Amino acid sequence: MSRDDPEFFDNTADLFVVRTDFRFKGDWEGLVEARVLKMPDLADQRSGALVVVSRYVNPHLKVGVGYNFTDFSDDLTDLDYDHRGVFFNILGTK
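Residues numbered from 1 in each chain as written. Predicted model: local features only at pLDDT ≥ 70, side-chain atom pairs only at ≥ 80, totals over all residues. Heavy atoms only, no water.

1. Quick word on the layout of surface pockets
Here the idea is plain: a probe the size of a water molecule rolls over the atoms and shows the empty space left. Roughly 300 Å³ of internal volume is contained in the largest pocket. Around the largest pocket sit 19 residues that line it, and L31, L50, V52, F87 and N89 are the ones nearest its centre. Mapped onto the lining of the largest pocket, the elements with two or more residues apiece are β1 (14–24), β2 (28–39), β3 (44–58), β4 (61–68) and β5 (85–92). Residue classes in the lining of the largest pocket are distributed as 7 nonpolar, 5 polar and 7 charged. (1 Å grid on protein atoms, 1.4 Å probe; cavity = no way out; pocket = protein on both sides within 12 Å on 5 of 7 lines; lining within 4 Å. Points joined across faces, edges and corners; volume = space filled by probe spheres on them. Helix = DSSP H or I, 4+ residues; strand = E, 2+ residues; numbered from the N terminus. Nonpolar A, V, L, I, M, F, W, Y, C, P; charged D, E, K, R; others polar.)

Right under this line is the structure:
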């Protein structure tokens, strides 16, 4: 595929996520997700979890570290299945 002559196709994959966030010790937050990726065209289904612990550095900046226990991405076009592992997260607001 190329950008000059893009070829579009249907993607029947579905990503289901159940998520809970919680705050503890004032400036700390936790996040837990259960994930299921269904791919009917490939007759495949994968599932797993993701966890994150974050801390507010100030009212406008939050940093965190997490672990993806699944091997798939929430980008449904990325089918490499190599996304398991540690990640860092930085979130800023005005």
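Once the structure has been displayed, the description carries forward.
2. Observations concerning the side chain of E33
Secondary-structure assignment places E33 in strand β2. Excluding anything up to four places from it in sequence, E33 contacts V17, V18, R19, G48, A49 and L50. (Contact = heavy atoms within 4.5 Å.)

3. Points about the pairing of β2
Summarising the sheet, β1 and β2 pair through 11 bridges and their orientation is antiparallel. Pairing of V17 across the sheet is with R35, part of β2. What sits between the antiparallel neighbours β1 and β2 is a turn of 3 residues, in which K25 has the positive phi angle 50°. As judged from the 12 bridges shared by β2 and β3, these two strands associate in the antiparallel manner. In the strand pairing of β3, V32 is matched with V51. What sits between the antiparallel neighbours β2 and β3 is a turn of 4 residues, in which A43 has the positive phi angle 55°. (Pairing = 2+ DSSP bridges.)

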